[in-house]
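One letter stands for each residue in the lines below.
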Amino acid sequence: MTGTSLPRIAIVIPCYNEEQALPISSKEMLALLDEMSQSGLIAPDSYIMCSNDGSKDRTWEVIEQLHQSDERIKGVSLAHNRGHQYALLAGLMAVMDHCDAAISIDADLQDDPRAMIEMVKKFRDGCEIVYGVRSSRQTDTWFKRTTAHGFYSFQNIMGLETIYDHADYRLMSNRALHLLSEYGESNLFLRGIIPQIGLRTDVVKYERNPRVAGESKYPLSKMLSFSIDGITSFSARPMRLIFLTGLTFLVIDILVAIYVLIAILSGTAIGGWASIMLSVWFLGSLTLISIGIVGEYIGKIFTEVKHRPRFAIAKEIW
């Protein structure tokens, strides 16, 4: 983008079983592109890229139909389901050489599309990564709000650098996209990778809305798995905690050994079957948890060293 030209923006939408939501969200985003173009904020040839994550419903057929009605809607389809992060990365890499900046947003319209206007303004002011951050969680249930806050707090405790209350709603400049393409890990956690890129960043806050259609793709079990993947991909702190825990128990063992020795010498030692059993079970559980944590890291090493492609594109629409 030169100093006088308007930026060409690509809106990247990862899609998995979004045949109900996509017609609604694409219509709203096309209207938003028109509004920003008419106001002289972006180039008229800005467009939408839908990245289909091997959906089991008619999502790809819907993308084809939307493209026929408006060529600004384009698409790529992964050969099979790889997960949200891979679908998002596939879309970003597809538009990397065909835009000045890309904005990623989910198809359910829970993230307010109108926040893109402020994102583009900040981009034109020189920011290369602009994060969409929720201004509050008042619309969430108590359980959802509590688990979400726990999700971010736990990541921070474990040494993972993320943006609080930010999902994957963000603007990235062309330069930021090219820097992202140099990160070659197979265990994708974009919320952890992108803050490591650096460059000039800013934040846009918005109110989160209910889904326009369909069901959430991130229940609690997936959120927990997502958090574990992120932590073990970016921080060795869990293994360090295992070591510190081992040292702590070593000190406790020495103190107990001294107590037992004193009890034996004084003739007050009493058989303690219950305490022995509890100790055995507790230490056994701790051992299994420790092995499991180490196993997470070994599993990730196993995946990374094979250097398999992160995804395969089966179809494209331009």
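Summarised in this report is the structure supplied together with it.

The rules behind the values
Residues numbered from 1 in each chain as written. Predicted model: local features only at pLDDT ≥ 70, side-chain atom pairs only at ≥ 80, totals over all residues. Heavy atoms only, no water. Pairing = 2+ DSSP bridges. Helix = DSSP H or I, 4+ residues; strand = E, 2+ residues; numbered from the N terminus. Axes fitted to C-alpha atoms, helices over the stretch in contact; angles between N-to-C directions. Contact = heavy atoms within 4.5 Å. Parallel < 35°, antiparallel > 145°, perpendicular 65-115°, else oblique. Left-handed = near helix turned anticlockwise from the far one by under 90°. Nonpolar A, V, L, I, M, F, W, Y, C, P; charged D, E, K, R; others polar. Phe/Tyr/Trp six-rings, centres within 6.5 Å; stacked < 30°, edge-to-face > 60°. Buried < 20%, exposed > 50% of the residue type's maximum accessible area, 1.4 Å probe, protein only. Polar contact = N/O pair within 3.5 Å; in protein donor to acceptor, adjacent residues only side chain to side chain. Right-handed = clockwise from strand over helix to strand, strands pointing away. Salt bridge = Lys/Arg side-chain N within 4 Å of Asp/Glu carboxyl O.

Structural notes on the sheet that holds strand β3 (residues 73-78)
So, step 1. The strand order β7-β5-β6-β4-β1-β2-β3-β8 describes an open sheet built from 8 strands, whose pairing is mixed. With one partner strand each, in any of the chains shown, β7 (201-206) and β8 (313-317) form the two edges of the open sheet. Direction aside, the axes of adjacent strands within the sheet are offset by 20° on average.
So, step 2. Inspection of the sheet shows strand β1 (residues 9-15) paired to strand β2 (residues 47-52) by 6 bridges, in the parallel sense. Opposite I11, over in β2, you have I48 as the bridge partner.
So, step 3. This element, helix α1 (residues 21-38), spans β1, β2 and β3 of the sheet and lies at about 155° to β2.
So, step 4. Relative to the sheet, helix α7 (residues 190-197) contacts β5 (129-134) and β6 (166-173), its axis offset from that of β6 by approximately 40°.

Concerning the packing of α1 against helix α4 (residues 115-124)
So, step 1. Two numbers describe how α1 lies on α4: the axes approach to 10 Å, and their chain directions differ by 40°. The orientation of α1 with respect to α4, classified from their angle, is oblique. Taken as a pair, α1 and α4 cross one another with a handedness that is right-handed. On α4, the residues that touch M29, L32, E35 and M36 of α1 are M116, I117 and V120.
So, step 2. Of the residues in the contact of α1 with α4, the class split is 6 nonpolar, no polar and 1 charged.

A closer look at the packing of aromatic side chains
So, step 1. Applying the stated rule across the entire model yields 2 aromatic pairs.
So, step 2. For the ring pair Y169 and Y206, a centre distance of 5.3 Å and an interplane angle of 75° mean the geometry is edge-to-face. Of this pair, Y169 sits in strand β6 while Y206 sits in strand β7, and the two are 37 residues apart along the sequence. Each of the two residues, Y169 as well as Y206, counts as buried.

A closer look at the side chain of D111
So, step 1. As for its placement among the helices and strands, D111 is situated in the loop between β4 (101-104) and α4.
So, step 2. By relative accessible area, D111 is classed as buried at 3%.
So, step 3. There is a polar contact of 2.5 Å between the side chain of D111 and the side chain of R208.
So, step 4. Leave out the neighbours within four places in its chain, and D111 touches I105, D106, Y169, Y206 and R208.

Notes on the pairing of β1
So, step 1. With 7 of its 7 residues buried, β1 lies for the most part within the structure.
So, step 2. In β1, alternate side chains face the same way, and those of I9, I11, I13 and C15 on one face and A10, V12 and P14 on the other are all buried.
So, step 3. Here β1 runs beside β4; their pairing, made up of 4 bridges, is parallel. Note on β4: the bridge partner recorded for I11 is I103.
So, step 4. Assessed by its sense of winding, the connection that carries the chain from β1 through α1 to β2 is right-handed.

Structural notes on the pattern of salt bridges
So, step 1. Under the definition given, this model contains 10 salt bridges.
So, step 2. A salt bridge links R208 to D111; the nearest nitrogen and oxygen atoms lie 2.5 Å apart. Of the two residues, R208 sits in the loop between β7 and α8 (220-234) while D111 sits in the loop between β4 and α4, which places them 97 residues apart along the sequence.
So, step 3. Here R170 and D168 are joined by a salt bridge, their closest N and O atoms 2.7 Å apart. Accessibility assignment for this pair places R170 and D168 in one class, buried.

Things to note about the packing of helix α3 (residues 84-95) against helix α6 (residues 174-181)
So, step 1. Close contact between α3 and α6 brings their axes to 10 Å; oriented N to C, the two are set at 125°. In terms of their interaxial angle, α3 and α6 are classed as oblique. Viewed along their axes, α3 and α6 form a crossing whose handedness is left-handed. Taking contact as the criterion, the partners of L89, L92 and M93 in α3 are, on α6, L177, L180 and S181.

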